[in-house]
Amino acid sequence: MTYDIRILQSSDLDAVLQFERARLKASATHEESNASEMASFEIDMLEWHAPWRKEALEHYLPQGWSFSLWSESGASGQLQAYFLAQPQVFTRGLTQTLWMEQLSATTQAQSDQLLEIAYKLCREKHFQKLIIRPAATDEGLSTGLPLKLEKHQDNLFEIKTSRI
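In this text, all values refer to a predicted model and were calculated from it rather than measured experimentally. (Residues numbered from 1 in each chain as written. Predicted model: local features only at pLDDT ≥ 70, side-chain atom pairs only at ≥ 80, totals over all residues. Heavy atoms only, no water.)

Caption draft 1: How the structure looks around the nonpolar core. Phe83, Leu98, Met100, Leu114, Leu130 and Ile132 are the most contacted members of the largest nonpolar core, which has 23 residues in total. Counting only elements with at least two residues in this core, the list comes to strand S2 (67-70), strand S3 (79-91), strand S4 (94-105), helix H4 (108-124), strand S5 (129-132) and strand S7 (157-160). For this core, the leading source of residues is H4, giving six residues. When neighbours within four sequence positions are excluded, Leu130 is seen to be in contact with Leu98, Met100, Ala118, Tyr119, Cys122, Phe157, Glu158, Ile159 and Thr161. (Core = buried A, V, L, I, M, F, W, Y, C linked by side-chain atoms within 4.5 Å. Buried < 20%, exposed > 50% of the residue type's maximum accessible area, 1.4 Å probe, protein only. Helix = DSSP H or I, 4+ residues; strand = E, 2+ residues; numbered from the N terminus. Contact = heavy atoms within 4.5 Å.)

Written out as C-alpha cells, the structure is:
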C-alpha cells in the first residue's frame, strides 16, 4: 500500500493523539480478555508518561523533523504511522545526530518506510547517526531494510548514517 508521506505540523496534534489513544485502547482490550475496556482514568494516567503526550507533541511538531504516513492525500486522510524526532548536536562525541523519540506504526512495512525516511534524511543533512528510542513496550527494534541496527546498553538503537 502506498501512503502520503508528510512532515508533521502543529495542526496534526489532534490526529496523533487520536491515533495513539485508539492504539492504547485497542491494546488494553486485547490484553485484558476478562475486562471490557480500560477505564478512561487509566488511559489518562498512561498518556501522562507517553512520549506522544500533548506537551511533547507541542515541542516536536513545530520543529519540522517528524514525519508521518497518511492513508490518503488531502485533509480527509487518516494517520497510519509516524515518528517524532529532533536534531541533537554534540551528543556522544558526534557533531550531529537525529534523535527519534517515538516511532509508532501498526505494521512492519510502515515502520520500515519510516526508518528509511529517517535514514535518508540523515544522509541528506550529513548527520552522523540516527538514534532511536524504542517504545517502552517494545522488546526490540527490527527492520527488513539493509540497515545495521546497533543496540546499546541504555536500550537505544542507532544506525550509522555517515562514515565516522
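Moving on, there is more to tell.
Caption draft 2: Representation of the pattern of salt bridges within the structure. Overall, the coordinates contain eight salt bridges when judged by the stated rule. Where Lys125 meets Glu124, a salt bridge forms, and the shortest distance between an N and an O atom there is 3.9 Å. By relative accessible area, Glu124 is classed as exposed at 54%. (Salt bridge = Lys/Arg side-chain N within 4 Å of Asp/Glu carboxyl O.)

Caption draft 3: Spotlight on a nonpolar patch on the surface. Taken together, the side chains of Phe41, Met45 and Trp48 present a nonpolar region at the surface, about 370 Å² in accessible area. Structurally, the position occupied by Met45 is in helix H2 (residues 40-48). (Patch = residues over 30% accessible without salt bridge, like charges linked within 9 Å, V, L, I, M, F, W, Y side chains within 5 Å. Areas by Shrake-Rupley, 256 points an atom, 1.4 Å probe, with all protein chains shown as cover.)

Caption draft 4: Quick peek at unusual backbone geometry. Its identity as a non-glycine residue notwithstanding, His126 has a phi of 65°, on the positive side. Position of His126 among the secondary structure elements: in the loop between H4 and S5. A residue is classified by how much of its surface remains accessible, and His126, at 64% relative accessible area, is exposed.

Caption draft 5: Spotlight on the pairing of S7. Where S5 meets S7, four bridges bridge the pair, whose relative direction is antiparallel. What sits directly across from Leu130, in S7, is Ile159. Direction of pairing for strand S6 (residues 150-151) relative to S7: antiparallel, over a ladder of two bridges. Looking across to S7, one finds that Glu150 is bridged to Glu158. (Pairing = 2+ DSSP bridges.)

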